Amino acid sequence: MLNILKSLFGGEKQSSRDIARDRLKVVLIHDHANITPEVMEHLREDIIQVISKYMIIDKNDMQVALENDENSVALVANIPVRKMKHFR
Amino acid sequence: MSQVIVVTSGKGGVGKTTTTANIGVGLAMRGKSVVLIDTDTGLRNLDLLLGLENRIMYDLVDVTEGRVPYKKALVRHKKFETLFLLPTSQVKDKSSINPAQLIVLCNELRKEYDYIIIDCPAGIEQGFQTAIAAADTALVVTMPEISAVRDADKIIGELGRADKDNIKLIVNRIRPQMVEKGDMLDMNDINDILSISCIGQVPDDEMVVTATNKGEPVIVSGSSLAGKAYTNIVGRICGEEIPFMEFPKEGFFARLKRAFGM
(Lines give C-alpha, C1' and ligand atoms only; values in the text may rest on other atoms or scores of the structure.)
Protein backbone atom coordinates (compact mmCIF):
# COMPACT_ATOMS: atom_id res chain seq x y z
CA MET A 1 0.00 0.00 0.00
CA LEU A 2 2.81 2.36 0.92
CA ASN A 3 4.44 1.75 -2.43
CA ILE A 4 1.19 2.51 -4.18
CA LEU A 5 0.94 5.80 -2.29
CA LYS A 6 4.57 6.60 -3.04
CA SER A 7 4.17 6.07 -6.74
CA LEU A 8 1.02 8.16 -6.63
CA PHE A 9 2.65 11.13 -4.95
CA GLY A 10 5.98 11.31 -6.65
CA GLY A 11 8.23 8.33 -6.60
CA GLU A 12 10.87 6.80 -4.39
CA LYS A 13 13.94 8.29 -2.79
CA GLN A 14 16.53 7.42 -5.41
CA SER A 15 14.94 6.85 -8.77
CA SER A 16 16.67 4.92 -11.54
CA ARG A 17 17.08 8.31 -13.24
CA ASP A 18 19.15 9.55 -10.30
CA ILE A 19 21.20 6.37 -10.36
CA ALA A 20 21.83 6.79 -14.10
CA ARG A 21 22.86 10.41 -13.58
CA ASP A 22 25.29 9.55 -10.79
CA ARG A 23 26.81 6.62 -12.65
CA LEU A 24 27.27 8.70 -15.78
CA LYS A 25 28.98 11.55 -13.94
CA VAL A 26 31.50 9.15 -12.44
CA VAL A 27 32.15 7.17 -15.61
CA LEU A 28 32.76 10.37 -17.60
CA ILE A 29 35.29 11.63 -15.08
CA HIS A 30 37.16 8.37 -15.53
CA ASP A 31 36.81 8.45 -19.33
CA HIS A 32 38.21 11.96 -19.44
CA ALA A 33 41.16 10.95 -17.31
CA ASN A 34 42.24 8.31 -19.78
CA ILE A 35 44.94 10.00 -21.77
CA THR A 36 47.17 8.16 -24.18
CA PRO A 37 50.65 7.02 -23.11
CA GLU A 38 52.02 9.31 -25.80
CA VAL A 39 50.43 12.41 -24.28
CA MET A 40 51.55 11.28 -20.84
CA GLU A 41 55.13 11.03 -22.11
CA HIS A 42 54.97 14.57 -23.53
CA LEU A 43 53.65 15.82 -20.22
CA ARG A 44 56.48 14.04 -18.38
CA GLU A 45 59.10 15.62 -20.62
CA ASP A 46 57.60 19.07 -20.19
CA ILE A 47 57.55 18.69 -16.42
CA ILE A 48 61.22 17.63 -16.44
CA GLN A 49 62.11 20.68 -18.50
CA VAL A 50 60.40 23.14 -16.19
CA ILE A 51 61.64 21.62 -12.95
CA SER A 52 65.19 21.25 -14.26
CA LYS A 53 65.41 25.02 -14.46
CA TYR A 54 65.32 25.16 -10.68
CA MET A 55 66.69 21.88 -9.42
CA ILE A 56 68.52 18.79 -10.50
CA ILE A 57 66.19 15.84 -10.45
CA ASP A 58 66.42 12.11 -10.85
CA LYS A 59 64.66 11.53 -14.14
CA ASN A 60 64.77 7.77 -13.96
CA ASP A 61 63.10 7.52 -10.61
CA MET A 62 60.39 10.05 -11.22
CA GLN A 63 56.79 9.00 -11.51
CA VAL A 64 53.89 10.88 -13.06
CA ALA A 65 50.43 9.37 -13.11
CA LEU A 66 46.77 10.19 -13.06
CA GLU A 67 45.01 8.74 -10.07
CA ASN A 68 41.31 8.10 -10.10
CA ASP A 69 39.29 8.48 -6.97
CA GLU A 70 35.57 7.73 -6.53
CA ASN A 71 34.65 11.09 -8.03
CA SER A 72 37.79 13.03 -8.78
CA VAL A 73 41.00 12.73 -10.72
CA ALA A 74 44.43 13.95 -9.63
CA LEU A 75 47.76 14.28 -11.40
CA VAL A 76 50.26 12.85 -8.94
CA ALA A 77 53.97 13.34 -9.50
CA ASN A 78 56.79 12.00 -7.41
CA ILE A 79 60.06 13.65 -8.40
CA PRO A 80 63.24 12.90 -6.44
CA VAL A 81 65.40 16.01 -6.09
CA ARG A 82 69.16 15.54 -6.11
CA LYS A 83 70.31 19.11 -5.72
CA MET A 84 69.04 22.64 -5.89
CA LYS A 85 70.35 24.99 -8.47
CA HIS A 86 71.58 28.20 -6.94
CA PHE A 87 70.54 31.54 -8.28
CA ARG A 88 72.19 34.75 -7.55
CA MET B 1 26.01 31.80 -46.66
CA SER B 2 25.63 28.08 -46.98
CA GLN B 3 26.21 25.76 -44.08
CA VAL B 4 27.67 22.27 -43.82
CA ILE B 5 26.20 20.28 -40.94
CA VAL B 6 27.28 16.82 -39.85
CA VAL B 7 24.85 14.60 -37.94
CA THR B 8 26.75 12.23 -35.68
CA SER B 9 26.30 10.15 -32.53
CA GLY B 10 29.00 7.59 -31.82
CA LYS B 11 26.52 4.91 -30.84
CA GLY B 12 24.47 3.30 -33.59
CA GLY B 13 20.71 3.15 -33.56
CA VAL B 14 20.02 6.43 -31.80
CA GLY B 15 18.42 8.04 -34.86
CA LYS B 16 21.16 9.77 -36.85
CA THR B 17 19.70 8.92 -40.23
CA THR B 18 16.13 9.70 -39.13
CA THR B 19 17.34 13.06 -37.84
CA THR B 20 19.21 13.79 -41.08
CA ALA B 21 16.15 12.94 -43.20
CA ASN B 22 13.77 15.04 -41.12
CA ILE B 23 16.01 18.09 -40.91
CA GLY B 24 16.69 17.88 -44.65
CA VAL B 25 13.00 17.68 -45.51
CA GLY B 26 12.16 20.39 -42.98
CA LEU B 27 14.66 22.81 -44.51
CA ALA B 28 13.37 22.02 -48.01
CA MET B 29 9.79 22.66 -46.80
CA ARG B 30 11.00 26.16 -45.93
CA GLY B 31 12.23 26.57 -49.48
CA LYS B 32 15.92 26.08 -48.75
CA SER B 33 18.05 24.15 -51.19
CA VAL B 34 19.51 21.14 -49.44
CA VAL B 35 21.89 18.29 -50.27
CA LEU B 36 21.94 15.30 -47.95
CA ILE B 37 25.11 13.24 -48.15
CA ASP B 38 25.05 9.69 -46.84
CA THR B 39 28.60 8.77 -45.77
CA ASP B 40 27.77 5.47 -44.12
CA THR B 41 29.59 3.57 -46.86
CA GLY B 42 28.46 -0.03 -47.26
CA LEU B 43 25.35 0.52 -45.14
CA ARG B 44 23.09 2.65 -47.30
CA ASN B 45 19.88 3.73 -45.54
CA LEU B 46 19.12 7.40 -45.99
CA ASP B 47 17.59 6.62 -49.41
CA LEU B 48 15.01 4.34 -47.75
CA LEU B 49 13.93 6.94 -45.21
CA LEU B 50 13.37 9.42 -48.02
CA GLY B 51 11.64 6.93 -50.31
CA LEU B 52 14.32 7.36 -52.98
CA GLU B 53 15.76 3.85 -53.05
CA ASN B 54 14.59 3.15 -56.61
CA ARG B 55 16.09 6.25 -58.15
CA ILE B 56 19.77 5.80 -57.44
CA MET B 57 22.08 5.70 -60.44
CA TYR B 58 25.47 6.75 -59.05
CA ASP B 59 26.88 7.14 -55.56
CA LEU B 60 29.27 9.22 -53.49
CA VAL B 61 32.28 7.07 -54.37
CA ASP B 62 31.56 7.52 -58.09
CA VAL B 63 31.74 11.27 -57.47
CA THR B 64 34.84 11.33 -55.26
CA GLU B 65 36.69 9.05 -57.66
CA GLY B 66 35.78 11.34 -60.53
CA ARG B 67 33.68 8.92 -62.58
CA VAL B 68 30.70 11.29 -62.73
CA PRO B 69 30.16 14.97 -61.86
CA TYR B 70 28.21 15.36 -58.60
CA LYS B 71 25.15 16.75 -60.39
CA LYS B 72 24.70 13.43 -62.13
CA ALA B 73 24.74 11.51 -58.86
CA LEU B 74 22.30 13.77 -56.98
CA VAL B 75 18.81 12.31 -56.63
CA ARG B 76 16.06 14.91 -56.54
CA HIS B 77 13.25 14.32 -54.03
CA LYS B 78 9.88 13.53 -55.57
CA LYS B 79 7.88 15.97 -53.48
CA PHE B 80 10.37 18.59 -52.30
CA GLU B 81 12.16 19.79 -55.36
CA THR B 82 14.92 21.68 -53.59
CA LEU B 83 15.99 18.56 -51.70
CA PHE B 84 18.70 16.27 -53.11
CA LEU B 85 20.29 13.07 -51.91
CA LEU B 86 23.85 12.03 -52.61
CA PRO B 87 23.64 8.33 -51.76
CA THR B 88 26.48 6.30 -50.37
CA SER B 89 28.01 3.26 -52.01
CA GLN B 90 26.50 -0.06 -51.05
CA VAL B 91 29.49 -2.07 -52.24
CA LYS B 92 32.63 -0.16 -51.23
CA ASP B 93 34.05 0.04 -47.71
CA LYS B 94 34.63 2.96 -45.39
CA SER B 95 38.16 3.68 -46.60
CA SER B 96 36.85 4.52 -50.08
CA ILE B 97 36.57 8.22 -49.31
CA ASN B 98 38.98 10.41 -47.41
CA PRO B 99 38.47 13.73 -45.59
CA ALA B 100 40.17 15.78 -48.32
CA GLN B 101 37.80 14.45 -51.00
CA LEU B 102 34.73 15.31 -48.94
CA ILE B 103 36.05 18.82 -48.22
CA VAL B 104 36.55 19.43 -51.94
CA LEU B 105 33.06 18.16 -52.72
CA CYS B 106 31.41 20.24 -49.99
CA ASN B 107 33.20 23.36 -51.19
CA GLU B 108 31.72 22.74 -54.64
CA LEU B 109 28.25 22.18 -53.17
CA ARG B 110 28.46 25.33 -51.03
CA LYS B 111 28.35 27.40 -54.20
CA GLU B 112 24.89 26.14 -55.15
CA TYR B 113 23.03 24.97 -52.07
CA ASP B 114 21.97 26.54 -48.77
CA TYR B 115 22.53 23.50 -46.61
CA ILE B 116 24.73 20.44 -46.97
CA ILE B 117 23.89 17.83 -44.35
CA ILE B 118 26.18 14.87 -43.83
CA ASP B 119 24.90 11.66 -42.27
CA CYS B 120 27.84 10.19 -40.39
CA PRO B 121 28.47 6.47 -39.80
CA ALA B 122 28.46 5.14 -36.23
CA GLY B 123 31.78 4.75 -34.45
CA ILE B 124 34.86 6.98 -34.23
CA GLU B 125 37.01 5.45 -36.94
CA GLN B 126 38.01 6.67 -40.40
CA GLY B 127 34.42 7.05 -41.60
CA PHE B 128 33.67 9.44 -38.76
CA GLN B 129 36.81 11.48 -39.35
CA THR B 130 35.89 11.78 -43.03
CA ALA B 131 32.30 12.78 -42.32
CA ILE B 132 33.18 15.59 -39.90
CA ALA B 133 36.06 17.03 -41.92
CA ALA B 134 34.04 19.52 -43.96
CA ALA B 135 31.45 20.49 -41.33
CA ASP B 136 30.86 23.95 -39.86
CA THR B 137 28.39 22.60 -37.32
CA ALA B 138 28.01 19.19 -35.70
CA LEU B 139 24.69 17.90 -34.42
CA VAL B 140 25.28 15.15 -31.88
CA VAL B 141 22.28 12.85 -31.55
CA THR B 142 21.89 10.93 -28.33
CA MET B 143 19.26 9.07 -26.35
CA PRO B 144 18.34 9.18 -22.65
CA GLU B 145 20.30 6.03 -21.96
CA ILE B 146 23.67 5.87 -20.22
CA SER B 147 25.59 4.13 -23.01
CA ALA B 148 24.34 6.59 -25.63
CA VAL B 149 25.24 9.58 -23.44
CA ARG B 150 28.70 8.20 -22.75
CA ASP B 151 29.29 7.69 -26.47
CA ALA B 152 28.03 11.21 -27.19
CA ASP B 153 30.59 12.50 -24.69
CA LYS B 154 33.30 10.58 -26.51
CA ILE B 155 32.17 12.04 -29.84
CA ILE B 156 32.15 15.56 -28.40
CA GLY B 157 35.76 14.97 -27.30
CA GLU B 158 36.72 13.78 -30.78
CA LEU B 159 35.02 16.79 -32.39
CA GLY B 160 36.99 19.04 -30.06
CA ARG B 161 40.23 17.38 -31.07
CA ALA B 162 39.31 18.03 -34.73
CA ASP B 163 38.74 21.73 -33.85
CA LYS B 164 34.99 21.52 -34.42
CA ASP B 165 33.66 23.92 -31.80
CA ASN B 166 30.15 24.50 -33.00
CA ILE B 167 28.41 21.48 -31.48
CA LYS B 168 24.71 21.13 -30.71
CA LEU B 169 22.92 18.29 -29.00
CA ILE B 170 19.71 16.52 -29.98
CA VAL B 171 18.13 14.22 -27.40
CA ASN B 172 16.08 11.67 -29.27
CA ARG B 173 13.53 9.07 -28.18
CA ILE B 174 12.52 10.61 -24.88
CA ARG B 175 9.66 8.81 -23.16
CA PRO B 176 7.94 11.53 -21.14
CA GLN B 177 6.03 9.10 -18.94
CA MET B 178 9.23 7.38 -17.89
CA VAL B 179 10.88 10.73 -17.21
CA GLU B 180 7.94 11.72 -15.06
CA LYS B 181 8.17 8.47 -13.12
CA GLY B 182 11.84 9.15 -12.48
CA ASP B 183 12.95 6.26 -14.65
CA MET B 184 14.58 8.14 -17.51
CA LEU B 185 17.08 10.96 -17.90
CA ASP B 186 15.59 14.11 -19.39
CA MET B 187 17.09 16.76 -21.65
CA ASN B 188 18.27 18.89 -18.74
CA ASP B 189 20.06 15.97 -17.09
CA ILE B 190 21.92 15.20 -20.32
CA ASN B 191 22.61 18.87 -20.97
CA ASP B 192 24.07 19.15 -17.51
CA ILE B 193 26.25 16.04 -17.88
CA LEU B 194 27.60 16.82 -21.36
CA SER B 195 27.77 20.65 -21.06
CA ILE B 196 26.71 21.10 -24.67
CA SER B 197 23.76 23.26 -25.59
CA CYS B 198 20.68 21.47 -26.84
CA ILE B 199 19.00 22.27 -30.14
CA GLY B 200 16.13 19.86 -29.69
CA GLN B 201 14.44 17.06 -27.84
CA VAL B 202 12.38 14.50 -29.71
CA PRO B 203 9.89 12.18 -28.02
CA ASP B 204 9.77 8.48 -28.79
CA ASP B 205 6.88 8.41 -31.19
CA GLU B 206 5.24 5.49 -33.03
CA MET B 207 4.62 7.86 -35.92
CA VAL B 208 8.37 7.78 -36.67
CA VAL B 209 8.06 4.05 -37.39
CA THR B 210 5.03 4.40 -39.65
CA ALA B 211 6.68 7.32 -41.44
CA THR B 212 9.82 5.24 -42.01
CA ASN B 213 7.69 2.37 -43.34
CA LYS B 214 6.26 4.72 -45.94
CA GLY B 215 9.51 6.45 -46.81
CA GLU B 216 8.15 9.84 -45.83
CA PRO B 217 9.87 11.52 -42.86
CA VAL B 218 7.57 12.27 -39.92
CA ILE B 219 8.10 16.03 -40.25
CA VAL B 220 6.02 16.05 -43.47
CA SER B 221 2.64 15.56 -41.81
CA GLY B 222 3.66 17.83 -38.96
CA SER B 223 0.84 16.72 -36.68
CA SER B 224 2.77 14.20 -34.59
CA LEU B 225 4.80 15.15 -31.54
CA ALA B 226 8.04 13.97 -33.14
CA GLY B 227 7.16 15.90 -36.31
CA LYS B 228 6.66 19.08 -34.28
CA ALA B 229 9.92 18.49 -32.45
CA TYR B 230 11.79 18.25 -35.76
CA THR B 231 9.99 21.34 -37.09
CA ASN B 232 11.27 23.21 -34.03
CA ILE B 233 14.81 21.97 -34.61
CA VAL B 234 14.70 23.17 -38.21
CA GLY B 235 13.51 26.58 -37.01
CA ARG B 236 16.39 26.79 -34.56
CA ILE B 237 18.87 25.81 -37.28
CA CYS B 238 17.52 28.76 -39.28
CA GLY B 239 18.28 30.99 -36.31
CA GLU B 240 14.83 31.33 -34.75
CA GLU B 241 14.28 31.38 -31.01
CA ILE B 242 11.82 28.59 -30.28
CA PRO B 243 11.09 27.42 -26.73
CA PHE B 244 11.49 23.70 -26.04
CA MET B 245 8.23 21.82 -26.26
CA GLU B 246 6.45 20.55 -23.17
CA PHE B 247 5.49 16.94 -23.42
CA PRO B 248 1.92 16.09 -22.42
CA LYS B 249 1.88 15.05 -18.79
CA GLU B 250 0.33 11.89 -17.47
CA GLY B 251 -2.73 12.96 -15.53
CA PHE B 252 -3.65 12.04 -11.98
CA PHE B 253 -6.09 9.34 -13.06
CA ALA B 254 -3.59 7.69 -15.35
CA ARG B 255 -1.14 7.64 -12.44
CA LEU B 256 -3.85 6.22 -10.18
CA LYS B 257 -4.57 3.50 -12.70
CA ARG B 258 -0.93 2.65 -13.06
CA ALA B 259 -0.41 2.55 -9.30
CA PHE B 260 -3.17 -0.01 -8.95
CA GLY B 261 -1.90 -1.99 -11.90
CA MET B 262 -4.84 -1.30 -14.17
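With that out of the way, let us pick up the overall build of chain A. A tally of helices and strands in chain A yields three helices and four strands. Secondary structure elements of chain A occur, N-terminal to C-terminal, as α-α-α-β-β-β-β. Here chain A holds 88 residues, and the buried ones make up 1% of them.

So, about the overall build of chain B. If you tally the helices and strands in chain B, you get twelve helices and eight strands. Projected onto the principal axes, the alpha-carbon positions of chain B cover approximately 65 × 40 × 35 Å. Taking all 262 residues of chain B together, the buried fraction comes to 47%. A fraction of 76% describes how many contacts in chain B between residues 6 or more apart in sequence connect residues 24 or more apart.

What follows deals with the sheet that holds strand 8 (residues 198-203) of chain B. All names here are of chain B. The eight strands lie next to each other as 3-4-2-5-1-6-7-8, forming an open sheet whose pairing is mixed. Taken across any chain shown, the strands that pair with only one partner, and hence form the sheet edges, are strand 3 (75-76) and strand 8. Each of strand 6 (137-142), strand 7 (167-174) and strand 8 touches helix 9 (residues 187-194); the most contacted strand, strand 7, lies at about 145° to it. Most of the contacts of helix 11 (residues 225-237) go to strand 8, to which it runs at about 170°, and overall it touches strand 7 and strand 8.

This part takes up the packing of helix 1 (residues 16-29) of chain B against helix 11 of chain B. Residue and element names in this part refer to chain B. With their axes 9 Å apart at the nearest point, helix 1 and helix 11 run at an angle of 65° to one another. As for the relative orientation of helix 1 and helix 11, their crossing is right-handed in sense. Across the interface between the two elements, Asn22, Ile23, Gly26 and Leu27 of helix 1 pack against Tyr230, Thr231, Ile233, Val234 and Ile237 of helix 11. Of the residues belonging to the contact of helix 1 with helix 11, the class tally is six nonpolar, three polar and no charged.

Attention now goes to the confidence of the model for chain A. With 83% of its residues at a pLDDT of 70 or more, chain A shows a mean pLDDT of 81. Of all helices and strands in chain A, the one with the weakest mean pLDDT is helix 1 (residues 2-8) of chain A (55), whereas strand 1 (residues 55-57) of chain A scores best (92).

This next bit is on unusual backbone geometry. All names here are of chain B. In the Ramachandran plot, arginine 173 falls in the positive-phi region, its phi being about 60° despite a non-glycine side chain. When you line up the elements, arginine 173 lands in strand 7. One non-glycine residue, serine 195, adopts positive backbone phi at about 50°.

Before going further, it helps to spend a moment on helix 11 of chain B. Residues spaced three or four apart along an α-helix face the same direction, because each turn holds 3.6 residues. Residues and elements named next belong to chain B. Here helix 11 is 13 residues long and its end C-alpha atoms lie 19 Å apart, about the 18 Å a rise of 1.5 Å per residue gives. Within helix 11, ten of the 13 residues are buried, which leaves the element mostly enclosed by the surrounding structure. What helix 11 keeps buried is the set Leu225, Ala226, Gly227, Ala229, Tyr230, Thr231, Asn232, Ile233, Val234 and Ile237. Against helix 1, strand 7, strand 8 and helix 10 (206-214) lie the buried residues of helix 11. Glycine 239 lies just past helix 11 and shows a positive phi near 95°.

What follows concerns the nonpolar core. All names here are of chain B. Within the largest apolar cluster, 80 residues are counted, with the highest numbers of intra-cluster contacts made by Val34, Val35, Ile116 and Ile118. Of all the elements, helix 11 adds the most residues to this core, at seven residues. Other than its neighbours up to four places away in sequence, isoleucine 118 contacts Val4, Val6, Val7, Ile37, Thr39, Ala131 and Ala135.

Residue and element names in this part refer to chain B. With five of its five residues buried, strand 2 (residues 34-38) lies for the most part within the structure. Taking every second residue as pointing to the same face, both faces of strand 2 are buried, with Val34, Leu36 and Asp38 on one and Val35 and Ile37 on the other. Bridge count between strand 2 and strand 4 (residues 83-86): four bridges; the pairing is parallel. Among the inter-strand pairings, valine 34 is bridged to a residue of strand 4, identified as leucine 83. Sheet topology places strand 2 next to strand 5 (residues 115-119); five bridges connect them, and they run parallel. Bridge pairing in strand 5 places aspartate 38 opposite aspartate 119.

Looking at chain B as a whole, its pLDDT mean stands at 93, while 95% of the residues score no less than 70. Reported confidences for the modelled complex are a pTM of 0.81 and an ipTM of 0.80.

Rules of the game
- Residues numbered from 1 in each chain as written.
- Chains lettered and ligands numbered in written order.
- Predicted model: local features only at pLDDT ≥ 70, side-chain atom pairs only at ≥ 80, totals over all residues.
- Helix = DSSP H or I, 4+ residues; strand = E, 2+ residues; numbered from the N terminus.
- Buried ≥ 20, exposed ≤ 12 C-beta atoms within 10 Å, placed from the backbone.
- Contact = placed C-beta atoms within 7 Å.
- Pairing = 2+ DSSP bridges.
- Axes fitted to C-alpha atoms, helices over the stretch in contact; angles between N-to-C directions.
- Left-handed = near helix turned anticlockwise from the far one by under 90°.
- Nonpolar A, V, L, I, M, F, W, Y, C, P; charged D, E, K, R; others polar.
- pLDDT = per-residue confidence, 0-100.
- Expected span 1.5 Å × (residues − 1).
- Core = buried A, V, L, I, M, F, W, Y, C linked by C-beta atoms within 7 Å.

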